[in-house]
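# Structural overview
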Amino acid sequence: MADDRNMLADLFKGLRTSPFVMIGLDDTPDHSQPMTAQLPEDDDGARHAVWFFMGSDNKLAIGGDAMAQYVGKGHQLFACLHGRLSADNDPAMIDALWSNQVAAWFPEGKSDPNLLLMRYDLNSAEIWEADISLSGRFKMLFGGKIDPQEAGSHAELAL
């Protein structure tokens, strides 16, 4: 089984190549919604935080405890994340995370009155990495039962 820290690093690496998550607040009846995760260039997951740009009128803007789900590109990595979403309009962080993709959503740029940067501080994560072994693939081909250790890695992390 992979080291838990490596799996967390793999999650943050995955978020860099496919940054889309579904996130929703725990204490509201609202459904989760797709958001694009933002990570500082130098962050390998050690901060245990992800940022999201959104409009101040977004349902998530009130902040609070939130659950996010992630499926990596190629469906090799899956995660369920729990943490606290809160406003973080630090101008230095906005500058660090700003991109053309973000600018497309805010007509007035970084000074758009509707601009809100939210920080999602993770407090727990459950991560699965699919890596079916050769024996597991053989069993699948012929209808055999795959043992969990033949299917990949799994970690439950308290952060």
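This write-up is about the structure you can find in this document. These numbers come from a predicted model, not from an experiment. (Residues numbered from 1 in each chain as written. Predicted model: local features only at pLDDT ≥ 70, side-chain atom pairs only at ≥ 80, totals over all residues. Heavy atoms only, no water.)

### Quick look at the pattern of salt bridges
Put simply, the test is: Just to be clear on terms, a salt bridge is a Lys or Arg side-chain nitrogen sitting within 4 Å of an Asp or Glu carboxyl oxygen. Helix and strand assignments follow DSSP, with helices taken as H or I runs no shorter than four residues and strands as E runs no shorter than two, numbered in order from the N terminus. Exposed residues in this analysis have more than 50% of their type's maximum accessible area, buried residues have under 20%, and partly exposed residues fall in between, with area computed by a 1.4 Å probe over protein chains only.
One pass over the full model with this rule turns up three salt bridges. For D65, the salt bridge goes to R84, with nearest N and O atoms at 3.1 Å. With D65 in strand β4 (residues 64–71) and R84 in strand β5 (residues 77–87), the pair connects residues that are 19 residues apart, well separated along the chain. Take D65: its relative accessible area is 30%, and that puts it in the partly exposed class. Here R119 ties to D121 by a salt bridge, and the two come within 2.5 Å at their closest N and O atoms. In this structure R119 comes out as partly exposed when scored by relative accessible area, which is 24%. D121 gets classed as partly exposed once you look at its relative accessible area, which sits at 25%.

### Section: the pairing of β4
The side chains of a regular strand alternate, residue by residue, between the two faces of the sheet. Convention followed: Any two strands between which DSSP finds at least two bridges are classified as paired.
Two strands pair when backbone bridges link them, and strand β1 (residues 20–25) and β4 are joined in this way by five bridges, in the antiparallel orientation. The residue bridging L25 from the neighbouring strand is A66, located in β4. Bridge analysis of β4 against β5 gives eight bridges, and the strand direction is antiparallel. Residue pairing for β5: Y70 is matched across the bridge by A79. Between the antiparallel neighbours β4 and β5 lie five residues, among them G74 with a positive phi of about 85°.

### Comments concerning the environment of W51
Defined as follows: Here, residues are in contact when the closest pair of their heavy atoms is within 4.5 Å. The definition of a polar contact used here is a pair of N or O atoms within 3.5 Å, where within protein one atom must be able to donate a hydrogen and the other to accept one, and adjacent residues in sequence count solely through side-chain atom pairs.
The topology assignment puts W51 in strand β3 (residues 49–55). Residue W51 is classed as buried on the basis of its relative accessible area, which comes to 0%. Residues contacting W51, with those up to four places away along its chain left out, are T36, A37, Q38, P40, D43, D88, M93, L97, L117, M118 and R119. Separated by 3.1 Å, the side chains of W51 and D88 make a polar contact.

### Focus on the nonpolar core
Going by this rule: What makes a nonpolar core is a set of buried Ala, Val, Leu, Ile, Met, Phe, Trp, Tyr and Cys residues whose side-chain atoms join them at distances within 4.5 Å.
Counting 30 residues, the largest nonpolar core has L11, I23, F52, L85, Y120 and I127 as its most contacted members. Counting only elements with at least two residues in this core, the list comes to α1 (4–17), β1, β3, β4, β5, β6 (115–130) and β7 (152–158). Per-element accounting of this core gives the leading share, six residues, to β6. Not counting the four nearest positions on each side in its chain, L85 is found in contact with I23, L25, F52, L60, G63, G64, A66, M118, R119 and Y120. With 10 residues, the next largest nonpolar core counts F53, M93, L97 and F106 among its residues.

### Topic: the packing of aromatic side chains
For clarity, the cut-off: Between rings of Phe, Tyr and Trp, where Trp is taken as its six-membered ring, a pair exists when centres lie within 6.5 Å; planes separated by under 30 degrees are stacked, by over 60 edge-to-face, and by other angles tilted.
Evaluation of the coordinates by the stated rule reveals three aromatic pairs. Arranged with centres 5.7 Å apart and planes meeting at 90°, the rings of F53 and W98 form a pair that is edge-to-face. Here the residue F53 occupies a position in strand β3, and W98 occupies one in the loop between α2 (91–97) and α3 (100–103), the gap between them amounting to 45 residues. Judged by relative accessible area, which is 10%, F53 ranks as buried. An aromatic cluster is built from F53, W98 and F106, whose rings are joined through pairwise contacts.

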